[in-house]
Amino acid sequence: MAERSERSAAVATSTRGVVEELLRRIGEGDPERIAELYAEQGDWKLSWPEAEHGRAATPWIRHRSSRADAAAHYRELAEQHVPERVATEVERILVDGSDAVVLGEIRQTARPTGRAYQARFALHLTVEDGLVTRHHVYEDSLAVTQAFAPEDH
């Protein structure tokens, strides 16, 4: 039983380490370096209503499945926001074996409209063999949509 507990603790430690490194790299903003922490194939989902959001206004918001997709996500996200007006507050990182949940709030400014927004988020990650294999985001999609909506909307 002690051996199983030690193994679980080692997995949780490596999970936390990968998640903390991922968050550090996201903060640095280099899409290729961020993507290095993702598995070649993975499960990437965002909690947005498929048919209801304006994909043209928020092109980075879509399901992904590869390391190349992860790099594209972070590139598109950066292109759509004012870099000097981006902040993320991570409030908690909860780890259970290979799974982690990051809770926090993002503050961004939409480049096309100049409107600032805040959105609470929960990010569910799974880490296997030192790489992220699951990336599921749950966020305030209404706040993001309103920031990117055209003036006549």
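Scroll up for the structure.
Just so we're clear, the structure is a prediction, and the values are computed from it rather than from any experiment.

**A look at the side chain of Thr-109**
Inference 1: Positionally, Thr-109 belongs in strand E4 (residues 99-109).
Inference 2: Filtering out sequence-adjacent residues up to four positions away, Thr-109 remains in contact with Gln-80, His-81, Val-82, Arg-85, Gly-114, Arg-115 and Ala-116.

**Observations regarding the pairing of strand E5 (residues 116-128)**
Regular strands show a simple pattern: their side chains alternate between the two faces of the sheet.
Inference 1: In terms of strand pairing, E4 meets E5 through eleven bridges, oriented antiparallel. Each residue of the ladder has a partner; that of Val-101, found in E5, is His-124.
Inference 2: As judged from the eight bridges shared by E5 and strand E6 (residues 131-139), these two strands associate in the antiparallel manner. Bridged to Glu-128 within E6 is Leu-131.

**Focus: the pattern of salt bridges**
Inference 1: Following the criterion strictly, the structure yields 14 salt bridges and no others.
Inference 2: Note that Arg-16 is salt-bridged to Glu-20, the shortest N-O span being 3.8 Å. Taken together, the residues span about one helical turn, with Arg-16 and Glu-20 both in helix H1 (residues 2-28) at a distance of four residues.
Inference 3: Under the relative-accessibility criterion, Arg-16 is labelled partly exposed at 31%.
Inference 4: We note a salt bridge from Arg-67 to Glu-40, for which the minimum N-O separation is 2.6 Å. Of this pair, Arg-67 sits in helix H3 (residues 67-79) while Glu-40 sits in strand E1 (residues 38-46); the two residues are 27 residues apart in sequence, bridging distant segments of the chain.
Inference 5: When its relative accessible area of 24% is taken as the criterion, Arg-67 is described as partly exposed.
Inference 6: Linked through salt bridges whose partners overlap, the residues forming this network are Glu-21, Arg-24, Arg-25, Glu-28, Arg-33 and Glu-36.

**Regarding the sheet that holds strand E3 (residues 87-96)**
Inference 1: Taken together, six strands build an open sheet; the order of strands is E2-E1-E6-E5-E4-E3 and the sheet is mixed. Both edges of this open sheet fall to strand E2 (64-66) and E3, since each of them pairs with a single strand only. In this sheet, adjacent strand axes meet at a mean angle of 15 degrees when their direction is disregarded.
Inference 2: Relative to E4, E3 runs antiparallel, the two being bridged by nine bridges. Directly across from Arg-92, in E4, lies its bridge partner Leu-103.
Inference 3: Its contacts with the sheet put H3 on E1, E2, E4 and E6, and the angle it makes with E2 is roughly 130 degrees.
Inference 4: Those strands touched by helix H4 (residues 141-148) are E5 and E6, and its axis lies near 130 degrees from that of E5.

**Some details on the environment of Leu-37**
Inference 1: Turning to its location among the elements, Leu-37 is positioned in the loop between helix H2 (31-35) and E1.
Inference 2: As for Leu-37 and Leu-22, which are separated by 15 residues in sequence, their C-alpha atoms are 6.7 Å apart.
Inference 3: For Leu-37, the residues in contact, after removing those within four places along its chain, are Val-18, Glu-21, Leu-22, Arg-25, Gly-130, Leu-131 and Val-132.

**A few points about the packing of aromatic side chains**
Inference 1: Under the definition given, this model contains four aromatic pairs.
Inference 2: For the pair Tyr-38 and Tyr-74, a centre-to-centre distance of 6.4 Å together with 40 degrees between the ring planes defines the contact as tilted. With Tyr-38 in strand E1 and Tyr-74 in helix H3, this residue pair connects regions lying 36 residues apart in the sequence. The burial state of Tyr-38 is the same as that of Tyr-74; both residues are buried.
Inference 3: Each ring, one from Trp-44 and one from Tyr-74, has its centre 6.1 Å from the other, and the planes form 75 degrees; the classification is edge-to-face. Within this pair, whereas Trp-44 is found in strand E1, its partner Tyr-74 is found in helix H3, the two being separated by 30 residues in sequence. In this structure, Trp-44 and Tyr-74 share a single accessibility class: buried.
Inference 4: Through a chain of ring-to-ring contacts, the aromatic side chains of Tyr-38, Trp-44 and Tyr-74 assemble into a single cluster.

Parameters and conventions
- Position numbers for residues start from 1 in each chain and track the written sequence from start to end.
- Local features in a predicted model are, by the rule used here, given only for residues with pLDDT of at least 70; side-chain atom pairs are given and counted only at 80 or more, and totals for whole chains, interfaces and linings are based on all residues.
- Side-chain numbers come from the whole structure's heavy atoms, not from hydrogens or water.
- The way it works is that DSSP assigns letters per residue, a run of H or I at least four long becomes a helix, a run of E at least two long becomes a strand, and they are numbered from the N terminus.
- The criterion used for residue contact is that any of the two residues' heavy atoms lie within 4.5 Å.
- Whether two strands pair depends on DSSP finding at least two bridges between them.
- Note on definitions: salt bridges are taken to be side-chain nitrogens of Lys or Arg within 4 Å of carboxyl oxygens of Asp or Glu.
- Between buried and exposed lies partly exposed: a residue is buried under 20% and exposed over 50% of the maximum accessible area for its type, with that area taken using a 1.4 Å probe on protein chains only.
- Axis definition: a line fit to C-alpha positions, over the contact stretch in the case of helices; interaxial angles, taken between N-to-C directions, run 0 to 180 degrees.
- Each Phe, Tyr or Trp ring, with Trp reduced to its six-membered ring, pairs with another whose centre is within 6.5 Å; inter-plane angles below 30 degrees give stacked pairs, above 60 give edge-to-face pairs, and intermediate values give tilted ones.

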